[in-house]
Amino acid sequence: MVDTKKGRSEELQRYLHNYWTAPSVFGTLEPFVAEFAADPTLGGYNIAKSSYQTRPDVFNLAYLAKEVGISEDEVEKRLKKMIDEHTIMLVQNPNTYIMGWSIYYWVVKLREGATPEQKEEVLDHIQNQDETCTAMVGKGDFDFFGGNHIGILDNLINEIIKPIEAFPQVESVRICPVARYLREEKVAQWRAPKGTTREFFMSDEEIARLPKVQSYWDETDVKIFCALNKKRPVEDFFDFSVLAEISGLKAEELQKKMKSYVEELPIMIPLITPNWRRLGLTKHYFFVRLYRGMPTENKFAIADALAKNPVWETLWQFTQASYDIVLSAYNEINDIDKLRKEIRAIPGVEEIREMDVYRATRRWTCRLDEEAGYWENCVMTNDIGYDSADPIEKKLYPPGEYHLKEDGE
């Protein structure tokens, strides 16, 4: 029975007020998304995404130069090298929850004795599914970790999960609905603790170690990478005069829209992701199960406490899943044993499963298999099962296929 007394109701739900958008797993299309969905430039982001490969000056070079302490020419030169060597990629995380999508991740375990060839067979299937947003390959308690932004759970089960389960070498597929998207690529996301959204987290130890464990970035490059992701006004992120020059649109209008999408409405977070595979890094994932009898508020508190640690690269909270929280950190620049002990010391932790990820095949719908010439190629679908979509929806949201090399980098 629901307690209708105001004080009690506020007490029961008080933890929900700590977040910009209340946590849930279901996607609900919000009215203020309409302008964003109808804007082909996404406030200039799409212009930057399609041109930064040859025009690094779409980023605010003056801001970066001041932040890093080098000249604008040197910043641009180093940015171009990082882009040409595919060690960074410009992406944007949309707030899928208020755009009518939910985020469902899934973990795949192969049967004992599965051969490398059989693993490759499943990998090829997952990599070639255009509807899959993200997919990673690893070893340990699980072999694959992937996800879809999707509006209909039934489509996920029938179009994604069942075909994977059909492989005889697959032992199990577990669905992990994302209730709270706290951190990705070290940037705090929509359901991070209040006031931290868009903050970039990287410890001093990680910053010091990163130049020493790979051969692409030196100390200055690492500073540029950190400066690129630092939370700041959108006018310090992009150079809107350059975006205007490229597109022929007005800089003030692009900036106004971007400011609305990023700073005023919870719609979009632009960020720079590292190509950790090219850098020679691997990621260690912890899948944490908490006691079933633990109140939701306590589970939120645990995730919030974990979010204070800057070493976590990924931090999400699941709901109605076999595991409650997933976290990842880079093997090469973090003490994984220490992190494991810290997780085990948390009251209420029942079980931890672990996985080392050594490759990502897709990220934000972008293909990452650069050895096959597909770096950053992207096919964006509005949902799985498009052929059976409503005719009106087809007209409003036609499928779009983007090939950067053909359409102009």
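Residues numbered from 1 in each chain as written. Predicted model: local features only at pLDDT ≥ 70, side-chain atom pairs only at ≥ 80, totals over all residues. Heavy atoms only, no water.

I'd like to hear about the pairing of strand E10 (residues 325–330), residue by residue, with values.
Burial of E10 is extensive: six of the six residues sit out of reach of the surface. Taking every second residue as pointing to the same face, both faces of E10 are buried, with Ile325, Leu327 and Ala329 on one and Val326, Ser328 and Tyr330 on the other. Strand direction decides the pairing type here: strand E8 (residues 283–290) and E10, joined by six bridges, are antiparallel. Within E10, the position partnered with His284 by the bridge is Ala329. Direction of pairing for strand E9 (residues 314–318) relative to E10: antiparallel, over a ladder of four bridges. Counted as the bridge partner of Leu315 is Leu327 from E10. In this antiparallel pair of consecutive strands, E9 and E10, the connection spans six residues, and Gln320 shows a positive phi of 50°. (Buried < 20%, exposed > 50% of the residue type's maximum accessible area, 1.4 Å probe, protein only. Helix = DSSP H or I, 4+ residues; strand = E, 2+ residues; numbered from the N terminus. Pairing = 2+ DSSP bridges.)

Could you give me a rundown of the pairing of strand E2 (residues 102–110), with the residues and numbers involved?
Where a strand is regular, its side chains alternate between the two sheet faces. Of all nine residues making up E2, eight are buried, and the element is well covered by its neighbours. Where E2 and strand E4 (residues 144–150) come together, seven bridges link them in antiparallel fashion. Each residue of the ladder has a partner; that of Trp106, found in E4, is Gly146.

Hey, could you go over the pattern of salt bridges for me, with residue numbers and the actual values?
Across all of its chains, the model carries 24 salt bridges by this definition. Here Asp304 makes a salt bridge to Arg180, at a shortest N to O gap of 2.8 Å. Separated by 124 residues along the polypeptide, Asp304 in helix H13 (residues 296–306) and Arg180 in strand E5 (residues 170–184) bring together distant segments of the chain. Comparing Asp304 with Arg180, the two get one shared label, buried. A single network of salt bridges, built from pairs that share partners, joins Glu74, Arg78, Asp218 and Asp221. (Salt bridge = Lys/Arg side-chain N within 4 Å of Asp/Glu carboxyl O.)

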